[in-house]
Amino acid sequence: MSETTDTHANATFEQIGEVLRSHQSFVLISHVRPDGDAIGSQLALGFSLKAMGKSVRLINEDGLPENLAFLPGSEFIESPPAGPLDVEVAIALDTATKPRLGDAALHAASKAKLWLNIDHHISNPKYGDLNLIDATSPATGEILYDLITALDLPLPDETRDAIYVAVSTDTGSFQYPSTTARTYEMAADLVRRGLDVGTINSLTYDENPYRRLELMRALLNTLERSPDGIVAHWELREETRLDLALRPEDSEGLIDVIRAIRGVRLAVFFEELPDGKVRVSMRSKDRELDVCKIASAFGGGGHALAAGIRMKGPLDEAKALVLTAIRERVEETRKQS
Ligand code: AMP
Ligand code: MN
Ligand code: MN
């Protein structure tokens, strides 16, 4: 099988390295509603490229979330400018499908001649000219660490801290089963390179705005569990979002609270969005209950144990559809066992 003719083959690190070295201008983009891995990956590769003397723009459709503003260099994350940027290469990071980059960000990158797609979502259809998709990697940040160290590219402090936060947030603080010996070795190497573990963890996890706790209280009031205790879900309505003056990032990671209930195998969070659509966030505790498969049936995607959907509202209808699909899947796994 020749790599040049198979569009579904991954590019090698060397091929990616060749693109990075032989071009001068880059735009790095990540998904809407960015999380730590999205922003962390942009900063990690962005600062490595900057240290190589490249011209780099870091664009996110929704800008920089407040909870990640502590990351060194995060002030370089911009909302999309009105017109297309004059850049040679666009690099999509941590983004399962091209539309998840957002319309304005895609417009900003529309003059790029070459697209790189670096990600760890199993559902990624490889929409780049060159793709580096590793679904076994717990975070895009870890793929970038492998790439940067294998190619001996610069690893400045901004890159070091961003990689750590990208991987820490996508692994639930190095806890999910996607965490491997390699992940810990990477973390050890970052610490050896001067990363301040106590400070960075504290900035990542101990700086919750009070309204996030008020949100948790509101969510707990909507908590429900299936009679067999296997599925737990809660929901956020527009009204609560407005009442508490919530920001999109305020709900990030709260789903882990219901995922952690004994007996629960699948946790779901339903959120009414300002545009009337519904965001569904799912977490599973076992690979038999593959939430990426359930999400894919509704046009969403992600990983086996963490996936999401953006679907048509209203919330009650979306909820009924998704909970029915989940119930069917739970019954199937029960028959199999
Ligand atoms: P979240 O629940 O938003 O934290 O997302 C869980 C995982 O699923 C993340 O890796 C997301 O990138 C991915 N994901 C979330 N929503 C979607 C979607 N609408 N389409 C594809 N992937 C998604
Ligand atoms: Mn992400
Ligand atoms: Mn990720």
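The residue numbering used here restarts from 1 in each chain and proceeds along that chain's sequence as written. All chains are assigned letters beginning with A, and all ligands numbers beginning with 1, in the order in which they are written. Local features in this predicted model are restricted to residues of pLDDT 70 or higher, and side-chain atom pairs are both shown and tallied only at a pLDDT of 80 or more, whereas totals for entire chains, interfaces and linings draw on every residue. Excluded from the side-chain calculations are hydrogens and water; all other atoms, namely the structure's heavy atoms, are used.

Attention now goes to the overall build of the chain. Numbering goes from the N terminus for both helices and strands, where a helix is a DSSP run of H or I of at least four residues and a strand is a run of E of at least two. Counting secondary structure elements, the chain contains 12 helices and 12 strands. With C-alpha atoms as the basis for the radius of gyration, the globule rule is written as 2.2 Å multiplied by the number of residues raised to the power 0.38. Taken over the C-alpha trace, the chain has a radius of gyration of 20 Å; the compact-globule value for 337 residues is 20 Å, and the two agree within 12%. Seen through its C-alpha atoms, the chain measures out along the principal axes to roughly 60 × 50 × 40 Å. The 337 residues of the chain split such that 52% are buried. When contacts within the chain are restricted to residue pairs at least 6 apart in sequence, those whose partners lie at least 24 apart make up 67%. Each accessible area is a Shrake-Rupley estimate made with a 1.4 Å probe; only the visible protein chains count as cover when residues are assessed. Split by element, the accessible area of the chain, about 15,000 Å² in all, is 52% carbon and sulfur. One way to put it: in the chain the 37 positive side-chain charges average out to a point 3 Å from where the 52 negative ones average out. Burial classes follow relative accessibility: with a 1.4 Å probe on protein chains only, a residue under 20% of its type's maximum area counts as buried, one over 50% as exposed, and anything between as partly exposed. Whether two residues are in contact is decided by their heavy atoms: any pair within 4.5 Å suffices. Charge assignment in this entry is limited to Lys and Arg as positive and Asp and Glu as negative, and neither His nor the chain termini are counted. For the purpose of locating charges, the reference atoms are NZ of Lys, CZ of Arg, CG of Asp and CD of Glu.

Here we come to the side chain of D161. With respect to the element layout, D161 can be found in helix α5 (residues 157-170). On the basis of relative accessible area, D161 is assigned to the buried category, the value being 11%. For the purposes of these results, a polar contact is taken to be a pair of N or O atoms within 3.5 Å, where, inside protein, one atom must be able to donate a hydrogen and its partner to accept one; residues adjacent in sequence count only when each atom of the pair is a side-chain atom. Only 2.9 Å separates the side chain of D161 from the side chain of R160, close enough to count as a polar contact.

Once that is clear, we can look at the coordination of the manganese ion (ligand 2). For a metal with four donors in a tetrahedral arrangement, the ideal angle between donors is 109.5 degrees, while six donors in an octahedron ideally sit at 90 or 180 degrees. Here the manganese ion (ligand 2) is held by H31 (NE2), D35 (OD), D35 (OD) and D94 (OD), and the distances to it run 2.2 to 2.6 Å. Only nitrogen, oxygen and sulfur atoms count as donors, using a 2.8 Å cut-off from the metal that widens to 3.2 Å for Na, K and Ca. Water is left out, so coordination shells may look unfilled. Separating the manganese ion (ligand 2) from the manganese ion (ligand 3) is a gap of 3.6 Å, which D94 spans by donating to each of them. Residue D35 is located in the loop between β1 (25-30) and α2 (36-51), and its partner D94 is located in the loop between β4 (89-93) and α3 (103-108); the two are separated by 59 residues in the primary sequence. For the pair D35 and D94, one class covers both residues: buried.

Below, the discussion takes up the sheet that holds strand β8 (residues 231-236). Paired through backbone hydrogen bonds, the strands of a sheet run either parallel or antiparallel to each other. Strand order in the open sheet formed by six strands is β7-β8-β9-β10-β12-β11, and the pairing between neighbours is mixed. In the strand order of this sheet, the two ends are held by β7 (224-225) and β11 (301-302), each with one partner. Two strands qualify as a pair provided that DSSP identifies no fewer than 2 bridges between them. Alignment of strand β9 (residues 266-272) against strand β10 (residues 278-284), held across seven bridges, turns out to be antiparallel. Residue pairing across strands places F270 opposite V280, the latter belonging to β10.

Structurally, the chain comprises domain 1 (13-205) and domain 2 (210-336). Its C-alpha centre places domain 1 at a distance of 26 Å from the equivalent point of domain 2. Contacts between domain 1 and domain 2 engage 12 residues on the former and 17 residues on the latter. Summed over both partners, the accessible surface that disappears when two parts come together, traced with a 1.4 Å probe, is what is meant by buried area. For the pair domain 1 and domain 2, the summed buried surface comes to about 1,200 Å²; carbon and sulfur atoms form 47% of the total. The tally of links between domain 1 and domain 2 comes to eight residue pairs in polar contact (both at pLDDT 80 or more). Of the residues belonging to the side of domain 1 that touches domain 2, the class tally is five nonpolar, four polar and three charged. All the domain ranges listed were derived from an automatic or database domain assignment. Each residue gets one of three labels, nonpolar for Ala, Val, Leu, Ile, Met, Phe, Trp, Tyr, Cys and Pro, charged for Asp, Glu, Lys and Arg, and polar for the others, Gly among them.

Just to be clear on terms, a salt bridge is a Lys or Arg side-chain nitrogen sitting within 4 Å of an Asp or Glu carboxyl oxygen. One pass over the structure, following the stated rule, counts 22 salt bridges. In this structure, E235 engages K319 in a salt bridge whose closest nitrogen and oxygen atoms are separated by 2.7 Å. One end of the pair, E235, is in strand β8; the other, K319, is in helix α12 (residues 315-336), and 84 residues separate them in sequence. Taking relative accessible area as the criterion, K319 reaches 13% and is therefore assigned buried. What you see here is one network of salt bridges that share partners, running through E66, R211, R247, E249 and D250.

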